Amino acid sequence: MKEQDYNLEEIIEQSFDFSDYSVEEKRELIEETSGMIMESSLLRALEEAGEELQEKFGDFIELDPDGDLMAMFIEKNIPNFPNIVIDEIRIFKEMGNE
């Protein structure tokens, strides 16, 4: 199975050691980590994409989109987003090893 076949939470779960945490703590940590990685990935993608997409995203976000609409926007406008997310996971993991 390729990494792209997993969802972000599964990749995080496989990438970090959660054995010292309860099931609830593990779920919360995975959710929190997922949110941080998605946020940093989106910020990076928008920065790399340039001003035109940043303005388009600004207009889009004012509509208060739900998760599905956000996913469609990203898929349509940031085709390399999965690669950015994978790279951000790597960066996040390396930060934990310092």
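For the structure, check the block above.
Here goes a summary of the coordinates provided. (Residues numbered from 1 in each chain as written. Predicted model: local features only at pLDDT ≥ 70, side-chain atom pairs only at ≥ 80, totals over all residues. Heavy atoms only, no water.)

Considering the overall build of the protein chain
The secondary structure content of the protein chain amounts to five helices and zero strands. In the protein chain, the order of α-helices and β-strands from amino to carboxyl end is α-α-α-α-α. Dimensions of the protein chain, computed from the C-alpha atoms along their principal axes, are close to 45 × 30 × 25 Å. Within the protein chain, buried positions represent 30% of all 98 residues. The long-range fraction of contacts in the protein chain, counting pairs at least 24 apart against all pairs at least 6 apart in sequence, stands at 61%. When the accessible area of the protein chain is evaluated, it comes to approximately 7,200 Å², of which 50% is carbon and sulfur surface. One way to put it: in the protein chain the 8 positive side-chain charges average out to a point 6 Å from where the 28 negative ones average out. (Helix = DSSP H or I, 4+ residues; strand = E, 2+ residues; numbered from the N terminus. Buried < 20%, exposed > 50% of the residue type's maximum accessible area, 1.4 Å probe, protein only. Contact = heavy atoms within 4.5 Å. Areas by Shrake-Rupley, 256 points an atom, 1.4 Å probe, with all protein chains shown as cover. Lys, Arg positive; Asp, Glu negative; His and termini not counted. Charge placed at Lys NZ, Arg CZ, Asp CG, Glu CD.)

Considering helix α3 (residues 51–61)
The complete set of buried residues in α3 reads Leu53, Phe57 and Phe60. Seen along its axis, α3 keeps its buried residues to an arc of 60°; they face one direction. Across α3 from its buried face, at more than 90 degrees, point the exposed residues Glu51, Glu52 and Asp59. (Arc of directions from axis to C-beta.)

As for unusual backbone geometry
Positive phi outside glycine occurs at aspartate 64, with the angle close to 55°. Inspection of the secondary structure puts aspartate 64 in the loop between α3 and α4 (67–77). Looking at aspartate 64, the relative accessible area reads 67%, which means it is exposed.

Details of the packing of aromatic side chains
Evaluated as defined, the whole model comprises six aromatic pairs. Judged by centre distance (5.9 Å) and plane angle (80°), the ring pair of phenylalanine 16 and phenylalanine 92 falls under edge-to-face. Of this pair, phenylalanine 16 sits in the loop between α1 (8–15) and α2 (23–49) while phenylalanine 92 sits in helix α5 (residues 81–96); the two residues are 76 residues apart in sequence, bridging distant segments of the chain. Judged by its relative accessible area of 25%, phenylalanine 92 falls in the partly exposed class. Pairwise contacts between aromatic rings join Phe16, Phe18, Tyr21 and Phe92 into one cluster. (Phe/Tyr/Trp six-rings, centres within 6.5 Å; stacked < 30°, edge-to-face > 60°.)

Some thoughts on the nonpolar core
If you look at the biggest cluster of nonpolar residues, it comprises 20 residues, and the most contacted ones within it are Leu42, Phe57, Ile78 and Phe81. If you list the elements that add at least two residues to this core, you get α1, α2, α3, α4 and α5. Considering each element in turn, this core owes the most residues, five residues, to α2. (Core = buried A, V, L, I, M, F, W, Y, C linked by side-chain atoms within 4.5 Å.)

Observations regarding a negative patch on the surface
Together, Glu51, Glu52, Glu55, Asp59 and Glu62 make up a negatively charged patch on the protein surface. By the secondary structure assignment, glutamate 52 is in helix α3. (Patch = residues over 30% accessible without salt bridge, like charges linked within 9 Å, V, L, I, M, F, W, Y side chains within 5 Å. Salt bridge = Lys/Arg side-chain N within 4 Å of Asp/Glu carboxyl O.)

Re the pattern of salt bridges
Tallied over the full model, the rule gives eight salt bridges. One salt bridge connects glutamate 24 with arginine 27, and the closest N-O pair in it is separated by 2.5 Å. Of this pair, glutamate 24 and arginine 27 both sit in helix α2, three residues apart, which is roughly one turn of the helix. Given a relative accessible area of 40%, glutamate 24 falls into the partly exposed group. By relative accessible area, which is 40% here, arginine 27 ends up partly exposed. As a salt-bridge pair, glutamate 88 and arginine 44 come within 2.9 Å of each other at their nearest N and O atoms. Of this pair, glutamate 88 sits in helix α5 while arginine 44 sits in helix α2, placing them 44 residues apart in sequence.

The quantities given are spatial measurements derived from coordinates; they are silent on function.
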